[in-house]
Amino acid sequence: MADLDWIPLTDDVWTAEHAPTGGMPLRTVAVALTDGGTLICSPIRACGNADHPVPAGAGDPSVLLAPNHFHNLGLPRWQARFPAAQIVSSERAQARLAKRLPELTFGGLDALRGRLPESVTLLEPEGTANGEVWLRIATADGIVWVVSDAWFSVKTLPAGALGVVSRLLRVAPGLQVGRTWLWIALKRRNVYRTWVVKQLTADRPTTLVTGHGEILRGADLSDRLMALVNRYV
């Protein structure tokens, strides 16, 4: 399988996307850790087979982050390729991850926090059922949010039946809060709403990197995100 094209978000953070023909795009993120290793956030199967699966100049993957209990299909391939890498997730996500992948060992986020660059912090949205974890990246141009399923940004509808389902579930096209997020990813919607409104107000992110879709940028991005929260959450 051909290597994925890594796009730099900062000097320490890159992202790559796999967009299967007629399918749902999947995105992964790499972060250079302070100990010389690399964090792979949301490892995807397409990237795990590449000859050089990390950005040029980055160290070997030493931490694999499952950003919620659904994004797990790439973990076995990456763990097989890099057996010394730790696999981590939020505490809430671990029960389902362990059930789905009993051959893997999942640790908590504390194993990662002290190894992140100063500009990168972890956010754990309150009120979720899926144990969602985000990356918050401080840059000279504003705050970058790397989210998983809280928003979708798929530019065009997939082909065929998947496109019909995507529209019904409101995961495409364009910037969306999917019905999947509301129905199965949230446990306490009011708690999440209070948390995300407070975080949006504090950070006012200017870049959004979703698990599915294109990277969105703009001075009005936080207003667009807030409008969707007010409308749907």
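Here we summarise the structure given alongside this text. All chains use their own residue numbering, which begins from 1 and follows the written sequence. This being a predicted model, a pLDDT of at least 70 is required before a residue's local features are given, and a value of 80 or more before pairs of side-chain atoms are given or counted; all residues contribute to the totals for chains, interfaces and linings. Only hydrogens and water are set aside; all other atoms, that is, all heavy atoms of the structure, feed into the side-chain values.

With respect to the sheet that holds strand β14 (residues 216–217)
Ordered by their spatial adjacency, 5 strands build an open sheet running β8-β9-β10-β13-β14, and the pairing between neighbours is mixed. Looking at the sheet topology across the chains shown, the edges are occupied by β8 (120–123) and β14. At least two bridges found by DSSP between two strands are what make those strands a pair. Strands are runs of DSSP state E lasting at least two residues, helices are runs of H or I lasting at least four, and both sets are numbered from the N terminus onward. Bridging between strand β13 (residues 207–209) and β14 involves 2 bridges; their strand directions are antiparallel. Looking across to β14, one finds that Leu 208 is bridged to Leu 216.

Describing the sheet that holds strand β3 (residues 26–32)
Strands sit in the order β1-β2-β3-β4-β5-β6-β7 across an open sheet of 7 strands; the sheet is mixed. Where the open sheet ends on each side, the last strands, each with one partner, are β1 (7–8) and β7 (106–107). In this structure, β3 lies alongside strand β4 (residues 38–41), joined through 4 bridges in antiparallel fashion. Bridge pairing in β4 places Val 29 opposite Cys 41.

Let's talk about the environment of Thr 21
Along the chain, Thr 21 falls in the loop between β2 (13–18) and β3. Linking Thr 21 and Ala 159, residues 138 residues apart in sequence, is a C-alpha distance of 8.4 Å.

Examining a nonpolar patch on the surface
Grouping into patches uses exposed residues only, defined as over 30% relative accessible area, and leaves out salt-bridged ones; the cut-off is 9 Å for like charges and 5 Å for nonpolar side chains (Val, Leu, Ile, Met, Phe, Trp, Tyr). Note that accessible areas follow from Shrake-Rupley with a 1.4 Å probe, and for residues the cover is restricted to the protein chains shown. Salt-bridge detection follows one rule: a side-chain nitrogen of Lys or Arg within 4 Å of a carboxyl oxygen of Asp or Glu. Together, Phe 70, Trp 183 and Ile 184 line one region of the surface with nonpolar side chains, adding up to about 330 Å² of accessible area. Within the secondary structure, Ile 184 is located in helix α6 (residues 179–185). Looking at Ile 184, the relative accessible area reads 48%, which means it is partly exposed. The cut-offs for exposure are 20% and 50% of the maximum accessible area for each residue type, with area from a 1.4 Å probe on protein chains only; residues under the lower value are buried, those over the upper are exposed, and the others partly exposed.

Some points on the layout of surface pockets
Picture a little ball the size of a water molecule; that probe, rolled over the atoms, points out where space is still empty. Buriedness for pockets is judged along seven lines, at least five of which must meet protein on both sides within 12 Å for an open set on the 1 Å grid over protein atoms alone, while cavities are sets there where a 1.4 Å probe fits but cannot get out, and lining residues have an atom within 4 Å of a point. Grid points are joined across faces, edges and corners, and a volume is the space filled by probe spheres set on the points. What the largest pocket holds in volume is close to 550 Å³. In terms of lining, the largest pocket is formed by 27 residues, of which the most central are Leu 26, Phe 70, His 71, Asp 149 and His 212. When residues of the lining of the largest pocket are traced back to their parent elements, those giving at least two are β3, α1 (45–48), α5 (160–168) and α6. Tallying contributions element by element places α6 first for the lining of the largest pocket, with 4 residues. Amino acid classes used here: Ala, Val, Leu, Ile, Met, Phe, Trp, Tyr, Cys and Pro are nonpolar; Asp, Glu, Lys and Arg are charged; the rest, including Gly, are polar. For the lining of the largest pocket, the per-class residue count stands at 15 nonpolar, 9 polar and 3 charged. The calculated volume of the second largest pocket comes to roughly 180 Å³. If you trace the second largest pocket, you find 14 residues lining it, with Ala 19, Gly 23, Pro 25, Val 154 and Thr 156 closest to the centre. The residue inventory of the lining of the second largest pocket, partitioned by class, reads 6 nonpolar, 5 polar and 3 charged.

Considering the packing of aromatic side chains
Classification of ring pairs rests on two measures: the distance between centres of Phe, Tyr or Trp rings, Trp counted by its six-membered ring, which must be within 6.5 Å, and the angle between planes, read as stacked under 30 degrees, edge-to-face over 60 and tilted in between. Within the structure shown, the criterion is met by 7 aromatic pairs. Their ring planes at 35° and their centres at 6.2 Å tell us that Trp 145 and Trp 151 sit as a pair that is tilted. Ring plane angle 25° and centroid distance 6.5 Å describe the contact between Tyr 192 and Trp 195, whose orientation is recorded as stacked. Of this pair, Tyr 192 and Trp 195 both sit in helix α7 (residues 189–203), 3 residues apart, roughly one helical turn. Of the two residues, Tyr 192 and Trp 195, both sit in the buried class. The ring centre of Tyr 232 lies 3.6 Å from the NZ or CZ of Arg 170, which sits over that ring. Only lysine NZ and arginine CZ atoms are considered, and such an atom sits over a ring when it is within 6 Å of the ring centre and within 35 degrees of the ring normal.

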